[in-house]
There are 2 protein chains.
Amino acid sequence: MKELKGACIIGQSGGPTSVINASAYGVIRTALDSDVITNVYGAEHGIKGVLNDRLFDMSKEDAGELELLKYTPSSALGSCRYKMKDPDEDDTDYKRILEVFKKHDVRYFFYNGGNDSMDTCNKISKFMQKSGYECRVMGVPKTIDNDLFGTDHCPGYASAAKYIATSCMEVYQDARVYDTGMICIIEIMGRHAGWLTAAAALAAEYGAGPDLIYLPETDFDMEQFLSDVARVYKERGNCMVAVSEGIHYADGSFVSEAKTSATDGFGHAQLGGLAALLANVVKEKLGVKVRGIELSLLQRCGAHLASETDIEESFMAGKAAVENAVAGMTDKMVAFERGEINGHYACKTKLLNLTDVANFEKKVPLDWINEAHNGVTHDFIDYALPLIQGEPKLPKEDSLPRFARLKKVLAK
Amino acid sequence: MKELKGACIIGQSGGPTSVINASAYGVIRTALDSDVITNVYGAEHGIKGVLNDRLFDMSKEDAGELELLKYTPSSALGSCRYKMKDPDEDDTDYKRILEVFKKHDVRYFFYNGGNDSMDTCNKISKFMQKSGYECRVMGVPKTIDNDLFGTDHCPGYASAAKYIATSCMEVYQDARVYDTGMICIIEIMGRHAGWLTAAAALAAEYGAGPDLIYLPETDFDMEQFLSDVARVYKERGNCMVAVSEGIHYADGSFVSEAKTSATDGFGHAQLGGLAALLANVVKEKLGVKVRGIELSLLQRCGAHLASETDIEESFMAGKAAVENAVAGMTDKMVAFERGEINGHYACKTKLLNLTDVANFEKKVPLDWINEAHNGVTHDFIDYALPLIQGEPKLPKEDSLPRFARLKKVLAK
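Here's what I pulled together on the structure shown here. What you are looking at is a predicted structure, and each value in this text was computed from that prediction instead of being measured. (Residues numbered from 1 in each chain as written. Chains lettered and ligands numbered in written order. Predicted model: local features only at pLDDT ≥ 70, side-chain atom pairs only at ≥ 80, totals over all residues. Heavy atoms only, no water.)

**Thoughts on the nonpolar core**
(1) Moving on: If you look at the biggest cluster of nonpolar residues, it comprises 104 residues, and the most contacted ones within it are Val171(A), Leu202(A), Phe380(A), Val171(B), Leu202(B) and Phe380(B).
(2) Moving on: The contact partners of Val171(A), leaving out residues within four places of it in the chain, are Cys184(A), Ile186(A), Met240(A), Ile293(A), Leu297(B), Leu298(B) and Cys301(B). (Core = buried A, V, L, I, M, F, W, Y, C linked by side-chain atoms within 4.5 Å. Buried < 20%, exposed > 50% of the residue type's maximum accessible area, 1.4 Å probe, protein only. Contact = heavy atoms within 4.5 Å.)

Encoded structure:
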C-alpha cells in the first residue's frame, strides 16, 4: 500500500458521551505523532464544520490540555445533527466537502459518532471514491445507546451504564428510607435499544437496584405494569422501577408520546417526561407515594463516574482508526471484539465495512429479557460487568473537574 | 459532673443525605468505645422506632460494616417524618418514650436530623427534664439544605453542593455541544433556603456553570426571568439556568405550586416539576430549544461525589455529641465553627442550646445575592469552596459502590 501524505480531519457528531473526547484524543494524538499526516484539523460541529470550512488546527493546542480530553465529557469540537442528503438526489454538500478537502489537502477523514454519523461517513466515503479523490475514511464509533451493529459494544456505553448503575444504587438507599413505602420510577435514555436501561440491573445484582425493568425491545402493557408494581409494593413495601424512554405499546406508539410532539433533525420523536407520566398514572391507580426521576443529560455526561475500561477502549478506537488508515485501510468503522486473556475480559479492535454498519440498530437480545418482560437475565450482567470496570484518575482543581481548555485556533 | 452509666439511642430523621450515616457512625463508634455507655441502640425510623420499641443492638454489627457507614448514603437506620405534638396538649408520645427509655435504661439520646428533628429533640429533652428522668439529649445536625441556625454550615450540605457543582459542570459541556443553541434549566432542592442552588455558582466559578441563578431568598418575577434568559441566549447563543425548587412570587406562592397540591407530614408543599414548568414557559415565549433537568433525589444521595471534608466533619459531629454528653452536657445541638489554621480553612465543633436552634431557618444572606437577583457574589464562593474539598477513598466492589450491610438485630 503506497504511503498517502496529507492532512486529516476529525469530526464529532450526534449526542455526546462521557468519553467521545477520549476517542477524539486517540485520533488527534496518533495523527499528530504520525509522519504521514501533515496537518490535524478538528471540524467545528462535525460535518457542518467541514461544510463551513471551520477547522481547528490541533497542532496549536497544548499537549497537556489535549490529554485532558480523555476525562472531558461531551464533544469538545462541537457536534451536530445534520442529515446528509442522498448524493444521487442532491450532491451539493458532497461537492462542497470535496472542495474543502482539496483546499486543505485532506486525505484522511475520521468521523466520531453513532448510527446516523456512520451513515454520513459512509456517504462521504462512497462519494470520494466515485469522484476519484483519494481520501481514507474511517468511522470511530460512539454511542451511549450501544446500538451499533457488528461491534461487541460501543465506546461511551459503559460509562453511561456505570453512571446509571451507581445512581440507581444510591437512589435505592434513599427511596426506602421512610417507614412509609414509596414507588420510585427512573427514566433512562434509549429510544429503540434497552442497553442503558438494562444497566440498572447491575445495581440490583449488587443488592440495591430496581425491582422491575422495562426495555423498548418488548411491547409495554400499562395494565401489566401497574399489576407488577402493585405486587412488588405489596410484597416488599417499596418498589423501584427502571424504564427506557422508548417503551412503547403494541401498536408502536411511545408511552411518552402524548407528552411532546417536537422532533429532532432526524425525525426522532423528542422523548422525555415519561417518568413523570408513569408516576402520575401509578399515583392515581395505586394511591401511594410515587417519585419519578429522569436521569436526563446527566447519564451521558457523567464523566466523574466514567469506566476506565471505556476511556482506554475509546482512546484505542481512535488510535486504531488512524493507524489502519495510515496503513491503507478506508471505508471502515473501527469495532470491538471481546476476547479473554488468562480468563479475564479483553478487547481488541477490528474493522467493519461502513456500508454494513450504517443505519442498522443492535438491540438487547430477546433471550436476555425475562419471560415476564420486566427484567433481564444474568447473560446481560455477564456482558456488561467487565465493561464498567476501573476508576479513572480524574484530574481535579479544587475538588472540581478540570476539563480540557482548547484554544480552537482556526486553520487558515 | 457525675458519671452517668446507661444505654444510648441514636435515631435518624428527616430527608437523608450522602453523609448522615457518617454522623451516625461517629455516634455509634464513639459510644461503643465508651466505658460509660452500656448499650448502643439504633432506633428504626427515628423517633418512631423508639415509640414502637424497635431498637437495633449496634454491638451485634460487624465493625467493618459499621465503618462503611461513612460512605453509605441515606439513613441506614431508617428515617421518619413524624411531627411530635406539643406535650402540653398531648403527652402520650412523650410518656411512651419515657417508658421505652426506662425499659432499656437509656440515659443518652442522640438525634440526627434537620430543623424538624431538632424540634423533636428539644421537646423530648424538655419533657425528660420535667419528668426528672436523667437523660442527656444531643442533636446531631444534618441537612443538605444548610439551613440550621447557629452553625457555620451543616453536615451533608457540602456533599450535595459538590454533586450539584460537578453535575452542572458536566451538563454545561453537554448542553452547548450543538451548532444550534439551547436553554437548559436545572432545578435544585431547597424550599426556603437557596444554599444548594447557590452551589451551582461553584461550577460557573470554574468556567462551566449556570449563567443565571435564582434563589428563594428573593421574590421571583417571571417577566424578569424571561428577559434575563432571552438576553443571555442572545449574547452567548446558549443559556444555563439554576433555579431553586422553592422560588416564589412576591405574594409568597411557589412558582411550582400550580403543579401539585400534595403535602408532606409537616405541611410543606410537595414541590417538583418546576424545571419542566419553566422549560415550557421559556419554550412558548422564546421559541428555542429548552431542556429542564431536575436533580431530584440524586443530589442528596450522590455519595460517590461526597466531600471528604464533609464526611470527616459529619463523623466529628457525631463523635462530639457522644463525648460532650458523656462529659455531662445535655440539651444541646452540636454545631460547627469555622476558623483558620496557617491560613487554611479549619472547623471545630461547638454546642448550641436546642431551644435556640429548633425551627429557625438560616438563609443565604441577601448581600451575597447580586443586585439583579440572578446570581450570587464571591462571598458565597469563599464560603462554600473549602467545604467541598477532598476526595473520599470510596470502597467499591467490581467498580460499584460497596455500601454498609447491617444485620439490624433487634434489642430484646
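**Here we look at the interface of chain B and chain A**
(1) Moving on: Across the contact, 61 residues belong to chain B and 62 residues belong to chain A.
(2) Moving on: A buried area of about 5000 Å², summed over both sides, lies between chain B and chain A, and 57% of it is on carbon and sulfur atoms.
(3) Moving on: Sorting the residues of chain B by area buried against chain A places Glu170(B), Tyr178(B) and Leu400(B) first, and these three jointly supply 14% of that buried surface.
(4) Moving on: Our count for the contact surface shared by chain B and chain A stands at six salt bridges.
(5) Moving on: The salt bridge partner of Lys48(B) is Asp179(A), with a shortest N-O separation of 2.6 Å.
(6) Moving on: Secondary-structure elements contributing two or more residues to the side of chain B that touches chain A are helix 6 (157-174), strand 9 (290-294), helix 11 (298-301), strand 12 (396-397) and strand 13 (400-401) of chain B.
(7) Moving on: Per-element tally for the side of chain B that touches chain A: the top contributor is helix 6 of chain B, with 10 residues.
(8) Moving on: Its residues assigned to classes, the side of chain B that touches chain A shows 27 nonpolar, 18 polar and 16 charged. (Buried area = accessible area lost by both parts, 1.4 Å probe. Salt bridge = Lys/Arg side-chain N within 4 Å of Asp/Glu carboxyl O. Helix = DSSP H or I, 4+ residues; strand = E, 2+ residues; numbered from the N terminus. Nonpolar A, V, L, I, M, F, W, Y, C, P; charged D, E, K, R; others polar.)

**Regarding the relation of the copies chain B and chain A**
(1) Moving on: Its rotation angle being 180°, the transformation that places chain B on chain A also includes 0.0 Å of axial translation and leaves an RMSD of 0.0 Å. The superposition of one copy onto the other is thereby described by a two-fold rotation axis. No C-alpha of chain B approaches the rotation axis more nearly than that of Glu294(B), which lies at 3.7 Å.
(2) Moving on: Of the residues that chain B buries at the interface, 100% are likewise interface residues in chain A, meaning the two copies contact each other through the same surface. (Least-squares fit on C-alpha atoms with pLDDT ≥ 70 in both.)

**Some points on the packing of aromatic side chains**
(1) Moving on: Per the stated rule, a full pass over the model turns up 30 aromatic pairs over all chains.
(2) Moving on: Here the aromatic rings of Phe380(B) and Tyr383(B) are separated by 6.3 Å at their centres, their planes lie at 40°, and the arrangement is tilted. Remark: Tyr383(B) and Phe380(B) occur in helix 14 (residues 378-384); sequence separation between them is three residues, near one turn of the helix. Neither Phe380(B) nor Tyr383(B) differs from the other in exposure class; each is buried.
(3) Moving on: Cluster of aromatic residues (ring-pair linked, three or more members): Tyr157(A), Trp195(A), Trp368(A), Phe380(A) and Tyr383(A).
(4) Moving on: The positively charged end of Arg176(A) is found above the aromatic ring belonging to Tyr172(A), 3.8 Å away from the centroid. (Phe/Tyr/Trp six-rings, centres within 6.5 Å; stacked < 30°, edge-to-face > 60°. Lys NZ or Arg CZ within 6 Å of the ring centre and 35° of its normal.)

**Quick notes on the pattern of salt bridges**
Residue and element names in this part refer to chain A.
(1) Moving on: Tallying each qualifying case throughout the model produces 50 salt bridges over all chains.
(2) Moving on: A salt bridge links Arg 54 to Glu 44; the nearest nitrogen and oxygen atoms lie 2.7 Å apart. Residue Arg 54 is found in the loop between helix 2 (47-51) and strand 3 (55-57), and its partner Glu 44 is found in the loop between strand 2 (37-43) and helix 2; the two are separated by 10 residues along the sequence.
(3) Moving on: One salt bridge connects Arg 96 with Glu 99, and the closest N-O pair in it is separated by 2.8 Å. Of the two residues, Arg 96 and Glu 99 are both situated in helix 4 (residues 92-103); the distance of three residues between them amounts to about one turn of the helix.
(4) Moving on: Residue classification places Arg 96 among the partly exposed positions, given a relative accessible area of 29%.
(5) Moving on: For Glu 99, a relative accessible area of 47% translates into the label partly exposed.
(6) Moving on: Connected through salt bridges with shared partners, the residues Glu 65, Glu 397, Arg 402 and Arg 405 form a single ionic network.

**Quick word on the packing of helix 4 of chain A against helix 5 (residues 115-131) of chain A**
Residue and element names in this part refer to chain A.
(1) Moving on: For the pair helix 4 and helix 5, the least separation of the axes is 10 Å and the interaxial angle reads 70°. When the axis of helix 4 is compared with that of helix 5, the two are roughly perpendicular. In contact with Tyr 94, Lys 95, Ile 97, Leu 98 and Phe 101 of helix 4, helix 5 contributes Lys 123, Ile 124, Phe 127, Met 128 and Ser 131.
(2) Moving on: Its residues assigned to classes, the contact of helix 4 with helix 5 shows seven nonpolar, one polar and two charged. (Axes fitted to C-alpha atoms, helices over the stretch in contact; angles between N-to-C directions. Parallel < 35°, antiparallel > 145°, perpendicular 65-115°, else oblique.)

**A few points about the pairing of strand 5 (residues 136-141) of chain A**
Residue and element names in this part refer to chain A.
(1) Moving on: Within strand 5, six of the six residues are buried, which leaves it mostly tucked inside the rest of the structure.
(2) Moving on: Judged by which residues are buried, strand 5 turns out to be covered on both faces: Arg 136, Met 138 and Val 140 on one side and Val 137, Gly 139 and Pro 141 on the other are all buried.
(3) Moving on: When strand 4 (residues 106-113) meets strand 5, the two strands line up parallel, connected through six bridges. Within the sheet, the bridge partner assigned to Tyr 108 lies in strand 5 and is Arg 136.
(4) Moving on: Following the chain from strand 4 across helix 5 to the adjacent parallel strand 5, one finds a crossover that is right-handed.
(5) Moving on: Sheet analysis places strand 5 next to strand 10 (residues 332-341), joined by two bridges and oriented parallel. For Met 138, the partnering residue across the bridge sits in strand 10 and is Lys 332. (Pairing = 2+ DSSP bridges. Right-handed = clockwise from strand over helix to strand, strands pointing away.)

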